[in-house]
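Residues per chain, in single letters:
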There are 2 protein chains.
Amino acid sequence: MTDTTTTWTIAQMADDYDVTHRALRHYEHLGLLAPDREGQRRIYHRRERTRLALILRGRRLGFSLEEIATILDMYDDQPGEVGQLRYLLSQIGDRRADLERRRRDIEDSLRELDELEQRCAEDVARLS
Amino acid sequence: MTDTTTTWTIAQMADDYDVTHRALRHYEHLGLLAPDREGQRRIYHRRERTRLALILRGRRLGFSLEEIATILDMYDDQPGEVGQLRYLLSQIGDRRADLERRRRDIEDSLRELDELEQRCAEDVARLS
DNA sequence: ATCCTGCTTGACGTTGACGCCAAGGTCAAG
DNA sequence: CTTGACCTTGGCGTCAACGTCAAGCAGGAT
């Protein structure tokens, strides 16, 4: 039941994902999105929506749009050739290492935040 | 035994943390670092090193230098006043929410990566 | 017919985070 | 006393990721 017929206009996309019209055009310019045209108008399908979601998650994680492009490419077309597949597997390894490093950074940050919060809470208790 | 006497030059800092001289000056310009002077020369103490480590971790996580500044401020000086403490606690909450969102994003990404890897591995097995 | 709304394509402007000189001070070594 | 290594302060350049006009098409409502 993954809907394949519904389409969206640029305004609906911008609205649904809380990005500007301009940003959508920018992503398209960089090849991250490739909406159809109906006459002049851009017309977005399901595929563009999942791609946009990936783009935005990438941005939240601090990836550059260029990095995001290569990530999208990874998911794009399963290559039929073994060499390509091996290459893709190595890329997956790289990405995973990157993400795991970020996760460690985040967990360290959260731990330090906890400490700080505890000290604060104690101070508040003492002072009131 | 946290050493409080050793100091470092800009070149040592740049070397130890693998950043450029220019970046260090930039961080100083924005108030993220505030090394002493010995005559003209910048002279970095332990404090600047821990700050720089926080800055770089922040950058890896995709925070802007401005956001990093507020984070550093949080850790800077424990305020003695209750109002300030409450404010700090609220900020800590904000940061934690942000970090936890990122962690979710990362874990989602890792899961999808796992799926993709599995599909790839299967394809390789089939083709060879 | 004209007006409004929503869209289009340029194209220049802006902000953040530095890179990259230029021009010169300082100090130990030769 | 000059050289070289290392440092200093400007200040212009650059790249990414859009923001912000400007000018214009297309189609339905008045």
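Here is a short report on the structure shown in this document. Just so you know, these numbers come straight off a predicted model, no measurement behind them.

### Considerations on the overall build of chain A
Phase 1: Secondary structure summary: chain A contains 5 helices and 2 strands in total.
Phase 2: Secondary structure elements of chain A, listed N to C terminal, follow the sequence α-α-β-β-α-α-α.
Phase 3: Relative to a compact globule of 128 residues, whose C-alpha radius of gyration would be 14 Å, chain A shows 21 Å and is clearly more extended.
Phase 4: Overall, the C-alpha framework of chain A stretches about 70 × 40 × 30 Å when taken along its three principal axes.
Phase 5: The buried share among the 128 residues of chain A stands at 36%.
Phase 6: Contacts in chain A between residues far apart in sequence, at least 24 positions, make up 51% of those at least 6 positions apart.
Phase 7: Of the side-chain charges in chain A, 22 are positive and 26 negative, and the distance between the mean point of each set is 3 Å.

### Considering the environment of Gln12 of chain B
All names here are of chain B.
Phase 1: By the secondary structure assignment, Gln12 is in helix 1 (residues 10-17).
Phase 2: Along the backbone, Gln12 and Tyr44 are 32 residues apart, and their C-alpha atoms lie at a distance of 9.4 Å.
Phase 3: One polar contact links the side chain of Gln12 to the main-chain amide nitrogen of Thr9, over a distance of 2.9 Å.

### Points about the interface of chain A and chain B
Phase 1: On the chain B side, the residues contacting the 39 residues of chain A number 39 residues.
Phase 2: Both sides of the chain A and chain B interface together cover about 4100 Å² of buried area, and 65% of this is carbon and sulfur.
Phase 3: Counting across the chain A and chain B interface gives 8 salt bridges.
Phase 4: One salt bridge in this structure joins Arg96 of chain B and Asp114 of chain A, with 2.4 Å as the shortest N-O distance.
Phase 5: Taken together, the elements giving at least two residues each to the side of chain A that touches chain B come down to helix 3 (46-60), helix 4 (65-76) and helix 5 (82-127) of chain A.
Phase 6: Classifying every residue of the side of chain A that touches chain B gives 18 nonpolar, 4 polar and 17 charged.

### Describing the relation of the copies chain A and chain B
Phase 1: At an RMSD of 0.2 Å, chain A and chain B line up after a rotation of 180 degrees and a shift of 0.0 Å along the axis. Both copies of the chain, as the preceding transformation shows, are related through a two-fold rotation axis. If distances are taken from each C-alpha of chain A to the rotation axis, the shortest is found for Gly62 of chain A, at 2.1 Å.
Phase 2: Interface overlap between copies: 100% of the residues of chain A at the interface are likewise at the interface in chain B, consistent with a symmetric, same-surface contact.

### Some details on the protein's contact with DNA strand C
Phase 1: In the neighbourhood of DNA strand C, 19 residues make up the surrounding shell, with Thr9, Arg37 and Arg42 of chain A together with Thr20 and Arg22 of chain B lying closest.
Phase 2: Atoms of DNA strand C within 4 Å of the protein: sugar and phosphate make up 56%, bases the balance.
Phase 3: In the environment of DNA strand C, a base nitrogen lies 2.6 Å from a nitrogen or oxygen atom belonging to the side chain of Arg22 of chain B.
Phase 4: For DNA strand C, a phosphate oxygen lies 3.1 Å from a polar atom in the side chain of Arg59 of chain B.
Phase 5: The set of elements that each furnish at least two residues to the surface near DNA strand C consists of helix 1 (10-17), helix 2 (21-29) and strand 2 (41-43) of chain A together with helix 2 (21-29) of chain B.
Phase 6: Class assignment of the residues belonging to the surface near DNA strand C gives a composition of 5 nonpolar, 6 polar and 8 charged.

### Observations regarding the pattern of salt bridges
Residues and elements named next belong to chain B.
Phase 1: A complete count under the given rule lists 30 salt bridges over all chains for this structure.
Phase 2: For the salt bridge of Arg49 with Asp16, the shortest nitrogen-to-oxygen distance reads 3.0 Å. Linking Arg49 in helix 3 (residues 46-60) with Asp16 in helix 1, this pair joins segments that are 33 residues apart in sequence.
Phase 3: A salt bridge links Asp108 to Arg111, with the shortest nitrogen-to-oxygen separation between them at 2.8 Å. You can see Asp108 and its partner Arg111 sitting in helix 5 (residues 82-127), 3 residues apart, about one turn around the helix.

### Focus on the protein's contact with DNA strand D
Phase 1: Taken together, 18 residues lie near DNA strand D, and Thr20 and Leu65 of chain A together with Thr9, Arg37 and Arg42 of chain B sit nearest.
Phase 2: Sugar plus phosphate: this is where 60% of the atoms of DNA strand D within 4 Å of the protein reside.
Phase 3: Measuring from a phosphate oxygen of DNA strand D, one finds a backbone N or O atom of Leu65 of chain A at 2.7 Å.
Phase 4: In this structure, a phosphate oxygen belonging to DNA strand D sits 2.5 Å away from a side-chain N or O atom of Thr9 of chain B.
Phase 5: When contributions to the surface near DNA strand D are tallied by element, the ones reaching two or more residues are helix 2 of chain A together with helix 1, helix 2 and strand 2 (41-43) of chain B.
Phase 6: No other element matches the 4 residues that helix 2 of chain A contributes to the surface near DNA strand D.
Phase 7: The class makeup of the residues in the surface near DNA strand D is 5 nonpolar, 6 polar and 7 charged.

What counts and what doesn't
- Residues numbered from 1 in each chain as written.
- Chains lettered and ligands numbered in written order.
- Predicted model: local features only at pLDDT ≥ 70, side-chain atom pairs only at ≥ 80, totals over all residues.
- Heavy atoms only, no water.
- Helix = DSSP H or I, 4+ residues; strand = E, 2+ residues; numbered from the N terminus.
- Rg over C-alpha atoms; globule rule 2.2 N^0.38 Å.
- Buried < 20%, exposed > 50% of the residue type's maximum accessible area, 1.4 Å probe, protein only.
- Contact = heavy atoms within 4.5 Å.
- Lys, Arg positive; Asp, Glu negative; His and termini not counted.
- Charge placed at Lys NZ, Arg CZ, Asp CG, Glu CD.
- Polar contact = N/O pair within 3.5 Å; in protein donor to acceptor, adjacent residues only side chain to side chain.
- Buried area = accessible area lost by both parts, 1.4 Å probe.
- Salt bridge = Lys/Arg side-chain N within 4 Å of Asp/Glu carboxyl O.
- Nonpolar A, V, L, I, M, F, W, Y, C, P; charged D, E, K, R; others polar.
- Least-squares fit on C-alpha atoms with pLDDT ≥ 70 in both.
- Near = heavy atom within 4 Å.

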